[in-house]
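Take a look at the letters that make up each chain.
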Amino acid sequence: MLDQKTLSRLLLPLGEYSKDEVRTLAREAGLGNAENPDSQDICFVPDGDYGKFIRETTGKTYPKGAFRDKEGKLLGYHQGMIDYTVGQRRGLGLPLGYHAYVVSKNAATGEVLVGRDEELYSTRMKVKNLHLIAEERLSDGRQVMTRARYSAKECPSKLFMAGENQLICEFSTPVRAVTPGQTAVFYDGDVVVGCGEITL
């Protein structure tokens with residue numbers, strides 16, 4: 001979300017080094033973290049229990065709610081939708097006879113929609129709060145590579161403006177677990193074109 005003025009003053013002393021080279025330098029300097037494993041998630045939530053972390057940090061409680069399928073059928077109850085993320089399979093506790101995944105969440109009703117893996121794929125998404133970094137404006141049909149999740153592979157896409165600081169992103173192939181609230185990032189080679197908040 002940095003602008004060009006800020007980027008022009010940014011210093012990246014490790015920018016030209018690979019991760020292995022940085023580990024070697026740290027080892028040679030006697031730094032204890034040279035052997036630490038790579039962080040795969042949020043490093044300050046070591047057990048991966050985000051719901052617990054948020055509850056303990058904020059002191060808030062979150063209401064229980066219903067698990068439902070796409071037809072609206074009640075499948076069970078959960079202890080708070082904060083414990084679930086789109087694409088999640090583990091920890092649902094629903095004996096449905098098939099692998100069930102979180103497909104979406106409804107903050108207004110507290111319901112978590114559950115379905116099969118194939119229900120997680122999208123061919124397009126809407127993005128708001130568009131922040132362009134390398135360009136002042138986008139032309140409709142602008143071809144980019146899009147990353148819709150931090151751990152996802154980039155996907156060839158086309159961008160179409162859809163109002164002030166909003167756009168529609170059309171994927172060349174369906175993308176799994178596109179999630180409202182996450183940040184989508186658009187690339188052109190090594191250049192970050194821009195980013196924005198996914199709204200679906």
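Residues numbered from 1 in each chain as written. Predicted model: local features only at pLDDT ≥ 70, side-chain atom pairs only at ≥ 80, totals over all residues. Heavy atoms only, no water.

Engineer: Help me out: how do you make sense of the pairing of strand β1 (residues 65-68) in this one?
Structural biologist: Residues in a regular strand point their side chains to alternate faces of the sheet. Summarising the sheet, β1 and strand β2 (residues 74-78) pair through four bridges and their orientation is antiparallel. Following the sheet pairing, Arg68 is matched in β2 by Leu74. Taken together, β1 and the strand that follows it, β2, pair antiparallel across an intervening segment of five residues, in which Gly72 is found at a positive phi of about 90°. (Pairing = 2+ DSSP bridges. Helix = DSSP H or I, 4+ residues; strand = E, 2+ residues; numbered from the N terminus.)

Engineer: What am I meant to see in the packing of aromatic side chains here?
Structural biologist: Aromatic rings considered in pairs are described by the distance between their centres and by the relative angle of their planes. One pass over the full model with this rule turns up one aromatic pair. Between Phe67 and Tyr84, the aromatic rings sit 5.4 Å apart at their centres with planes inclined by 75°, giving edge-to-face as the arrangement. Here Phe67 is found in strand β1, whereas its partner Tyr84 is found in the loop between β2 and β3 (101-106), with 17 residues between them in sequence. Here the two residues Phe67 and Tyr84 agree in accessibility, since each one is buried. Above the face of the Tyr98 ring, Arg116 is positioned so that its terminal group lies 3.9 Å from the ring centre. (Phe/Tyr/Trp six-rings, centres within 6.5 Å; stacked < 30°, edge-to-face > 60°. Buried < 20%, exposed > 50% of the residue type's maximum accessible area, 1.4 Å probe, protein only. Lys NZ or Arg CZ within 6 Å of the ring centre and 35° of its normal.)

Engineer: I'm lost on a nonpolar patch on the surface in this one. Help?
Structural biologist: Nonpolar side chains collect at one region of the surface, where Leu2, Leu10 and Leu12 lie side by side and expose about 280 Å² of accessible area between them. Secondary-structure assignment places Leu2 in the segment before α1 (4-7). The exposure class of Leu2 is partly exposed, given its relative accessible area of 39%. (Patch = residues over 30% accessible without salt bridge, like charges linked within 9 Å, V, L, I, M, F, W, Y side chains within 5 Å. Areas by Shrake-Rupley, 256 points an atom, 1.4 Å probe, with all protein chains shown as cover. Salt bridge = Lys/Arg side-chain N within 4 Å of Asp/Glu carboxyl O.)

Engineer: Hey, could you run me through the sheet that holds strand β10 (residues 191-198) in this one?
Structural biologist: The strands making up a sheet associate through backbone hydrogen bonding, with each pair oriented either parallel or antiparallel. Pairing within the closed barrel is antiparallel, and its six strands lie in the order β5-β8-β7-β6-β9-β10. Averaged over all neighbouring strand pairs, the angle between strand axes comes to 45°, with direction disregarded. Taken together, the five bridges between strand β7 (residues 155-161) and strand β8 (residues 167-176) define a ladder with antiparallel strand orientation. Bridge pairing in β8 places Ser157 opposite Phe171. (Axes fitted to C-alpha atoms, helices over the stretch in contact; angles between N-to-C directions.)

Engineer: When you look at the confidence of the model for the protein in this model, what are you seeing that I'm missing?
Structural biologist: In low-pLDDT segments, the atomic positions of the prediction should not be examined closely. When pLDDT is averaged along the protein, the result is 92; 99% of the residues meet or exceed 70. Looking over the protein, one finds the lowest element-wise mean pLDDT in α1, namely 86, and the highest in strand β6 (residues 142-147), namely 98. (pLDDT = per-residue confidence, 0-100.)

Engineer: Got a minute to help me understand the sheet that holds β2 in this structure?
Structural biologist: On the basis of which strands lie adjacent, the open sheet formed by four strands has the order β2-β1-β4-β3 and mixed pairing. Taken across any chain shown, the strands that pair with only one partner, and hence form the sheet edges, are β2 and β3. Averaged over all neighbouring strand pairs, the angle between strand axes comes to 30°, with direction disregarded. Across two bridges, the pairing between β1 and strand β4 (residues 111-115) is parallel.

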